[in-house]
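If you want the building blocks of each chain, they are given just below.
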Amino acid sequence: MKKYTFRKKEHLLKERDFERLLKHAERLGDKLMTIYLLPNELPHSRLGIIVAKKRVRKSTRRNYIKRLVREAYRLNKNLLPKKHDIIINITQTEGFSLKDIEESLLKLTNEKTNN
């Protein structure tokens with residue numbers, strides 16, 4: 001049952017880690033999101049989420065989008081690249097569901113692993 005958890009150590013929290021990824025990571029994107037991937041030295045992957053205040057003014061909507069992204073990651077992390085730091089930057093702010101986020105996440109990360 002533990003494979004569907006999202007533990008604190010899997011969260012990307014520090015500003016310097018976000019800056020490092022945004023500067024050095026491989027970037028993949030589609031109309032819904034941009035993903036930044038960079039290998040790390042840890043035994044697990046870490047996830048960071050960006051939902052720009054400029055795009056989504058209401059904090060309740062920003063937090064709802066982040067919850068959807070975390071849930072999509074949690075449910076599919078066994079299919080995502082291992083030992084990577086991942087930032088997901090949501091670019092489309094309306095008209096999507098959890099299923100859309102999951103499909104986009106898996107499609108973009110599979111592009112990375114197939115190249």
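Cut-offs applied
Residues numbered from 1 in each chain as written. Predicted model: local features only at pLDDT ≥ 70, side-chain atom pairs only at ≥ 80, totals over all residues. Heavy atoms only, no water. Helix = DSSP H or I, 4+ residues; strand = E, 2+ residues; numbered from the N terminus. Contact = heavy atoms within 4.5 Å. Salt bridge = Lys/Arg side-chain N within 4 Å of Asp/Glu carboxyl O. Buried < 20%, exposed > 50% of the residue type's maximum accessible area, 1.4 Å probe, protein only. Pairing = 2+ DSSP bridges. Polar contact = N/O pair within 3.5 Å; in protein donor to acceptor, adjacent residues only side chain to side chain.

### Observations regarding the side chain of asparagine 89
Inference 1: Inspection of the secondary structure puts asparagine 89 in strand E4 (residues 84-90).
Inference 2: In this structure, asparagine 89 is in contact with Leu32, Met33, Thr34, Tyr36 and Ile50, ignoring residues within four places of it in sequence.

### Describing the pattern of salt bridges
Inference 1: This model, assessed by the stated rule, comprises 10 salt bridges.
Inference 2: For the salt bridge of glutamate 94 with arginine 61, the shortest nitrogen-to-oxygen distance reads 3.7 Å. With glutamate 94 in the loop between E4 and helix H3 (98-114) and arginine 61 in helix H2 (residues 59-76), this residue pair connects regions lying 33 residues apart in the sequence.
Inference 3: With a closest N to O distance of 2.8 Å, arginine 74 and glutamate 71 form a salt bridge.

### Brief notes about the pairing of strand E3 (residues 46-50)
Inference 1: Burial analysis of E3 places four of its five residues in the buried class, which makes it a mostly covered element.
Inference 2: Direction of pairing for E3 relative to E4: parallel, over a ladder of five bridges. Residue pairing in the sheet places glycine 48 in a bridge with isoleucine 87 of E4.

### Some thoughts on unusual backbone geometry
Inference 1: Positioned with a positive phi, lysine 83 is a non-glycine residue whose angle comes to about 55°.
Inference 2: In this fold, lysine 83 is placed in the loop between H2 and E4.

### A look at the environment of glutamine 92
Inference 1: If you trace the backbone, glutamine 92 turns up in the loop between E4 and H3.
Inference 2: Along the sequence, glutamine 92 and valine 51 sit 41 residues apart, while their C-alpha atoms lie 9.6 Å from each other.
Inference 3: Leave out the neighbours within four places in its chain, and glutamine 92 touches Lys31 and Leu32.
Inference 4: A distance of 2.8 Å separates a polar side-chain atom of glutamine 92 from the backbone oxygen of glutamate 94.

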